[in-house]
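Per-entry structural report
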Amino acid sequence: MRKTLVAALATLSAVALTACTGTTPASTESGSTGGSTEKIKLGIALPAGNQTFWTGWIKGAQAEAAKLNVELTITDAKNDAQTMNDQVNTMIVSGVKGIAVASVDPTANKSVIQAATDAGIKLITSNRTLDAPYGGVGGANPIVHTGFNDVQMGGFQGDLLIKACEGKDPCRVALQVGTLGATPQVARSKGLKDKIADHKNIQIVDEQTNDFDPVKAADVMQTMLQKSKDIDFVLAQTDPEALAAATVLKEQGLDGKIGVIGIGGSKEGTEAVASGKMFGTVKVSGNDDGSTSVRTLAALVRGEEIKVDTSGERPTVVVDALMITKENAAANPGDW
């Protein structure tokens, strides 16, 4: 079984997404087109650029940079906070005019704010936040955040679970969360638990971390099943981990008996929902997330107008998310 499982997991990549608390979609309004404005140099600091979601994110960012006459430098911290700090400092010395940071750690990477400010460089966060007050347009770094609303995404997962648990009392749930303390883990957990709080038939009977790692998610799923197979649904906070859990369930003859709900709307995730392997997921577009980051940062550097949602904890340009079920999966394939 282990050999089969490892083979099934070979195509999966861990992904940890987003932290944003805006509630209404917002967009930038930029009149820039390739060649119509002076080229500017921007930097993007990513936590794990080789992971599946981030490869889609990079494609979207690069395509937008080409449209907007932007020279783009993208770094990969390989999930090391100090490496990210060093990479941002190198970007500053290289002469970038703006930097977008998707933090490895929202606290450990706070030093990049002052470094950019001292150099007179505009800084925003994208996909993941920094643990600091945001200045807003015309204010201090970090100016704004771009990305998904993780609390909303967790709430959407809760909506899917409520639908799946209709007629089941109790409806027993095993929850796999991402890296403890990471902004996606905290916000998605909050959104989920707030949404299901009034549904007394839903019981989270086991909760463990998989560190946003599909291989670990498979091991966690096996551990959960060893404790008890009296589970109705398994939830994971990204699709790769949800798919890993689904693979274990199939190996143990439990597919169709225990449902799976993810977050991410990846290609494999939406295909799994369409085929019935998963009950549902929450679609987020890496391509849209990356392009929004570059578009927002370029507009700020050029002094162009942007529209920002200020109703949440921080001023945010929000990238939309969408609940995916078997009914709409075929019409909404993933892009990462």
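Described in the following lines is the structure provided in the data block. Please read these numbers as outputs of a predicted model, since none were measured by experiment. (Residues numbered from 1 in each chain as written. Predicted model: local features only at pLDDT ≥ 70, side-chain atom pairs only at ≥ 80, totals over all residues. Heavy atoms only, no water.)

Once that is clear, we can look at the packing of aromatic side chains. Within the structure shown, the criterion is met by five aromatic pairs. Aromatic pair Phe-233 and Phe-279: ring centres 6.1 Å apart, planes at 75 degrees, arrangement edge-to-face. A residue pair is termed long-range when its members are at least 10 positions apart, and Phe-233 in strand β8 (residues 233–236) and Phe-279 in the loop between α9 (267–275) and β10 (281–284) qualify at 46 residues. (Phe/Tyr/Trp six-rings, centres within 6.5 Å; stacked < 30°, edge-to-face > 60°. Helix = DSSP H or I, 4+ residues; strand = E, 2+ residues; numbered from the N terminus.)

The next point concerns the packing of helix α5 (residues 150–164) against helix α6 (residues 183–196). Relative orientation of the contacting elements α5 and α6 amounts to 40 degrees, with a least axis distance of 7 Å. Here α5 is positioned oblique relative to α6, judged by the angle of their axes. In the packing of α5 onto α6, the handedness of the crossing is right-handed. Across the interface between the two elements, Asp-150, Val-151, Met-153, Gly-154, Gly-155, Gln-157, Gly-158, Asp-159, Leu-161 and Ile-162 from α5 touch Pro-184, Ala-187, Arg-188, Gly-191, Leu-192, Lys-195 and Ile-196 from α6. The residue inventory of the contact of α5 with α6, partitioned by class, reads eight nonpolar, five polar and four charged. (Axes fitted to C-alpha atoms, helices over the stretch in contact; angles between N-to-C directions. Parallel < 35°, antiparallel > 145°, perpendicular 65-115°, else oblique. Left-handed = near helix turned anticlockwise from the far one by under 90°. Contact = heavy atoms within 4.5 Å. Nonpolar A, V, L, I, M, F, W, Y, C, P; charged D, E, K, R; others polar.)

Right, let's talk about unusual backbone geometry for a bit. In this structure, the amide linkage connecting Asn-141 to the following residue, Pro-142, adopts the cis form with an omega of -10 degrees. Inspection of the secondary structure puts Pro-142 in the loop between β4 (122–126) and β5 (145–147). If you check the backbone angles, Asn-79 has positive phi at about 60 degrees while not being a glycine. Position of Asn-79 relative to the elements: it lies in the loop between β2 (70–76) and α3 (81–94).

It is worth spelling out the pattern of salt bridges at this point. In total, this model carries 11 salt bridges according to the counting rule given. We note a salt bridge from Lys-78 to Asp-76, for which the minimum N-O separation is 3.7 Å. What makes Lys-78 exposed here is its relative accessible area of 66%. One salt bridge connects Lys-227 with Asp-206, and the closest N-O pair in it is separated by 3.3 Å. With Lys-227 in helix α7 (residues 214–227) and Asp-206 in strand β7 (residues 202–209), the pair connects residues that are 21 residues apart, well separated along the chain. Residue classification places Asp-206 among the buried positions, given a relative accessible area of 10%. (Salt bridge = Lys/Arg side-chain N within 4 Å of Asp/Glu carboxyl O. Buried < 20%, exposed > 50% of the residue type's maximum accessible area, 1.4 Å probe, protein only.)

Covered by surrounding structure in β8 are Phe-233 and Leu-235 together with Val-234 and Ala-236, the residues of both alternating faces. Note that strand β6 (residues 171–177) and β8 share four bridges and pair parallel. Looking across to β8, one finds that Ala-174 is bridged to Val-234. As defined by bridge partners, β8 adjoins strand β9 (residues 259–261) across three bridges and the pair is classed as parallel. Among the inter-strand pairings, Leu-235 is bridged to a residue of β9, identified as Ile-261. Between β8 and its parallel partner β9, the chain crosses via helix α8 (residues 239–251), and the hand of that crossover is right-handed. (Pairing = 2+ DSSP bridges. Right-handed = clockwise from strand over helix to strand, strands pointing away.)

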